[in-house]
Amino acid sequence: MFAPLGRRYGSEFTVNLALFGQAVVISDPILVKDVFSASTDLIERPTGAGHLGEAFGPGSLCSLAGDELLARRKLVLPPFHGKRVRSYEHIIEDEVVREIANWPEGREFKTLPPMMRMTLNVILRAVFGAEGPALDELRGLVPPLVTMLGPIAVMPPPVRRDLGPWSPGGRFLRYRRRFDAVVDSLIAVARADPALEERNDVLALLVQARSDNGEPIPDRHIADELLTLVASGHETTSAGLAWTVERLRRHPALLSRLTEEVDAGGSELRQATIWEVLRTRSVLEGTTRRTKKRIRLGDWVLPEDTAIILSIRTAHASEESFPDAASFNPDRFVGASAPKPFAWIPFGGGVNRCIGAALANMEMDVTLRIMLRELRFEPTDAPGERRYWRGVATVPGRGGRAVVYRRKGKVSSDADSSSVATRPAEL
Ligand code: HEM
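What counts as what
- Residues numbered from 1 in each chain as written.
- Predicted model: local features only at pLDDT ≥ 70, side-chain atom pairs only at ≥ 80, totals over all residues.
- Heavy atoms only, no water.
- Helix = DSSP H or I, 4+ residues; strand = E, 2+ residues; numbered from the N terminus.
- Rg over C-alpha atoms; globule rule 2.2 N^0.38 Å.
- Buried < 20%, exposed > 50% of the residue type's maximum accessible area, 1.4 Å probe, protein only.
- Contact = heavy atoms within 4.5 Å.
- Areas by Shrake-Rupley, 256 points an atom, 1.4 Å probe, with all protein chains shown as cover.
- Lys, Arg positive; Asp, Glu negative; His and termini not counted.
- Charge placed at Lys NZ, Arg CZ, Asp CG, Glu CD.
- Arc of directions from axis to C-beta.
- Polar contact = N/O pair within 3.5 Å; in protein donor to acceptor, adjacent residues only side chain to side chain.
- 1 Å grid on protein atoms, 1.4 Å probe; cavity = no way out; pocket = protein on both sides within 12 Å on 5 of 7 lines; lining within 4 Å.
- Points joined across faces, edges and corners; volume = space filled by probe spheres on them.
- Donors = N, O, S within 2.8 Å, 3.2 Å for Na, K, Ca; no water.
- Axes fitted to C-alpha atoms, helices over the stretch in contact; angles between N-to-C directions.
- Parallel < 35°, antiparallel > 145°, perpendicular 65-115°, else oblique.
- Nonpolar A, V, L, I, M, F, W, Y, C, P; charged D, E, K, R; others polar.
- Pairing = 2+ DSSP bridges.
- Salt bridge = Lys/Arg side-chain N within 4 Å of Asp/Glu carboxyl O.
- Near = heavy atom within 4 Å.
- Left-handed = near helix turned anticlockwise from the far one by under 90°.

Caption draft 1: Region of interest: the overall build of the chain. Helices and strands together make up the secondary structure of the chain, namely 17 helices and 13 strands. In terms of overall dimensions, the chain is globule-like: its C-alpha atoms have a radius of gyration of 22 Å, near the 22 Å expected for 427 residues. Oriented by its inertia axes, the alpha-carbon framework of the chain measures out at about 60 × 55 × 45 Å. In the chain, which comprises 427 residues, the proportion classed as buried is 53%. Counting contacts in the chain only where the partners sit at least 6 residues apart, residues at least 24 apart contribute 71% of the total. Summed over its atoms, the accessible surface of the chain is roughly 19,300 Å², and 54% of this surface lies on carbon and sulfur atoms. Counting 57 positive and 54 negative side-chain charges, the chain places the centres of these two groups 4 Å from one another.

Right under this line is the structure:
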């Protein structure tokens, strides 16, 4: 949305938007750094009317601000640290192997729907610790519930109320009550589990978490938090994966190099490719903040209560930060231990930085590795798919279409046995 304006007006400009009023749009890395590093006394992520926290509930990270937000992040972050997320790797492998076993050979299909199923299953198992009937129930409940969140967040409170079974508020609350009931049963099972301390899923860790003064997180807040995690983490990661397929089919030389690298047990080019996909096809177009006081930002003075939009897409299109920015060239990241902070910002930054960044990166890495190991993607010279905004994530407009062939015989559809049999040596 802001990319054409960025090309015309540069990295900073002001816009008037229905939802925000007047907003300052920024993308220059120095200003991005100033905003992300500012104290929460000066700049905060906006909460309240028109924001997703309204739909997630008062116990969601997205509804909290100031010290409450910092305290909650301290409790929620540990299960998402790089080392900890490695313990979810086998779940991702299971899901990818199960999913690609059903992909048709030699016939074009959209990869976005299977990626959505896969990332949903990963979150429900890794984050909710759900298996069996609870997993089945959540698989049916979560997709419609998540689709309702965006519209519900922007509805004025009177419209959002339960005005009958067919009203948007009524439907939402019905789904939300069922979701809460399943989460309540998962919490009860976790509390009764004598091996709770050995469990790795996020729900089990949230049930055991204690604040500095020894307080547990209230159960209602755990439900709000789990809804936040599944809604923030499932469509975004699947969009990143569908874009990966879309890009690779249009870069056959890179596709061959990546396949050779996987066969040789390497990963450097694959990681660089994931960074470049997230740079050139921003899954989230931007993120927002609001000034709490009058502040100086670069050459400007912003009055109190000014909306700031950090345009991720414009930041990633900067020629200064990324020479030949329009080209898809993962080699720009080969040899780097990480992309430049504040120039490469697909996961935002500062106290609201995406808590699922390490999990998303690992999911993309494991999925790409298994797809390249098992499948041959047919390249295409069709034009790149257009960006389509689904309300939260921006996805490939034609669903990230692919044509695939199996490389070494058919993968078994029995995920449990095939994941063990086909697990590569480097795992
Ligand atoms: C490719 C995948 C993903 C992308 C591109 C992405 C991107 C983002 C961005 C841009 C933000 C806003 C950060 C800010 O305002 O500074 C965010 C926040 C968030 N993300 Fe992600 N995300 C992804 C995957 C995930 C996953 C897998 C999870 C968890 C399972 C997750 C959970 C969250 C949460 C809870 C927040 C709110 C953090 C807070 O406000 O304190 N995300 N994400």
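Caption draft 2: Geometry of helix H2 (residues 29-37). Listed as buried for H2 are Leu31, Val32, Val35 and Phe36. Looking down the long axis of H2, one finds its buried residues gathered within 130° of arc, a one-sided arrangement. N-capping of H2 is provided by Asp28, with a side-chain oxygen placed 2.9 Å from the backbone N of Ile30.

Caption draft 3: Layout of empty space enclosed by the protein. Per the counting criterion, the structure on display carries two cavities of 30 Å³ or more. Put simply, the largest cavity is a space of about 70 Å³. Of all the secondary structure elements, the ones that give two or more residues to the lining of the largest cavity are H2 and strand E3 (43-44).

Caption draft 4: Representation of the coordination of the iron atom of the ligand in the model. No protein donor other than Cys354 (SG) coordinates the iron atom of the ligand, and that contact is at 2.3 Å. Residue position: Cys354 is located in the loop between helix H15 (312-316) and helix H16 (357-374).

Caption draft 5: Expanded view of the packing of helix H13 (residues 252-263) against H16. It is the contact of H13 with H16, at a shortest axis distance of 9 Å, that shows an interaxial angle of 95°. Taken together, H13 and H16 sit at an angle that is classed as roughly perpendicular. Each of Leu255, Leu258, Thr259 and Val262 in H13 lies in contact with H16, whose residues at this interface are Arg369, Leu372 and Arg373. Each residue belonging to the contact of H13 with H16 can be placed in one class, and the counts come to four nonpolar, one polar and two charged.

Caption draft 6: Representation of the pairing of strand E2 (residues 21-26) in the model. When strand E1 (residues 12-17) meets E2, the two strands line up antiparallel, connected through six bridges. The partner of Val15 across the bridge, within E2, is Ala23.

Caption draft 7: Region of interest: the side chain of Asn121. Mapped onto the fold, Asn121 is located in helix H7 (residues 112-126). Asn121 gets classed as buried once you look at its relative accessible area, which sits at 8%. One polar contact links Asn121 to Glu95, side chain to side chain, over a distance of 3.1 Å. Sequence-distant contacts of Asn121, defined by excluding residues within four places in its chain, comprise Glu95 and Arg139.

Caption draft 8: Region of interest: the pattern of salt bridges. Summed over the entire model, instances satisfying the criterion amount to 32 salt bridges. For Arg199, the salt bridge is made with Asp201, and the minimal N-O distance between the two is 2.9 Å. Asp201 carries the same exposure label as Arg199, and that label is buried. Between Arg332 and Glu276 there is a salt bridge, and its shortest N-O distance comes to 3.1 Å. One end of the pair, Arg332, is in the loop between H15 and H16; the other, Glu276, is in helix H14 (residues 268-280), and 56 residues separate them in sequence. A relative accessible area of 22% means that Arg332 is categorised as partly exposed. Several salt bridges converge on common partners, so that one network encompasses Asp94, Glu95, Arg98, Arg125 and Glu131.

Caption draft 9: Structural view of the sheet that holds E1. Spatial ordering of the open sheet is given by E1-E2-E8-E5-E3, a layout of five strands whose pairing is mixed. Each edge of the open sheet is held by one strand with a lone partner, namely E1 and E3. As paired elements, strand E5 (residues 286-291) and strand E8 (residues 307-311) share five bridges and run antiparallel to each other. Along E8, the bridge assignment pairs Gly286 with Ser311. H2 rests against E1, E2, E3, E5 and E8 of the sheet, and its axis sits at about 125° to E8.

Caption draft 10: Structural view of the site of the ligand. Near the ligand there are 26 residues, and of these Arg45, Arg73, Thr287, Arg289 and Cys354 occur at the shortest range. In this structure, Arg45 approaches the ligand through a side-chain N or O atom, which is 2.3 Å from an oxygen atom. In this structure, an oxygen atom belonging to the ligand sits 3.0 Å away from a main-chain N or O atom of Gly349. For the shell around the ligand, the secondary-structure elements that each account for two or more residues are helix H12 (219-249) and E5. Looking at the shell around the ligand, the element that brings in the most residues is H12, giving five residues.

Caption draft 11: Inspection of the packing of helix H6 (residues 89-100) against H16 at higher detail. Their axes nearest at 10 Å, the elements H6 and H16 cross at an angle of 40°. Between H6 and H16, the crossing angle belongs to the class labelled oblique. Classified by chirality, the crossing of H16 by H6 is right-handed. Facing Glu89, Ile92, Glu93, Val96, Val97 and Ile100 of H6, the residues of H16 in contact are Met362, Glu363, Val366, Thr367, Arg369, Ile370, Met371 and Glu374. Here the residues of the contact of H6 with H16 sort into eight nonpolar, one polar and five charged.

Keep in mind that these numbers describe shape and distance, not what the molecule does.
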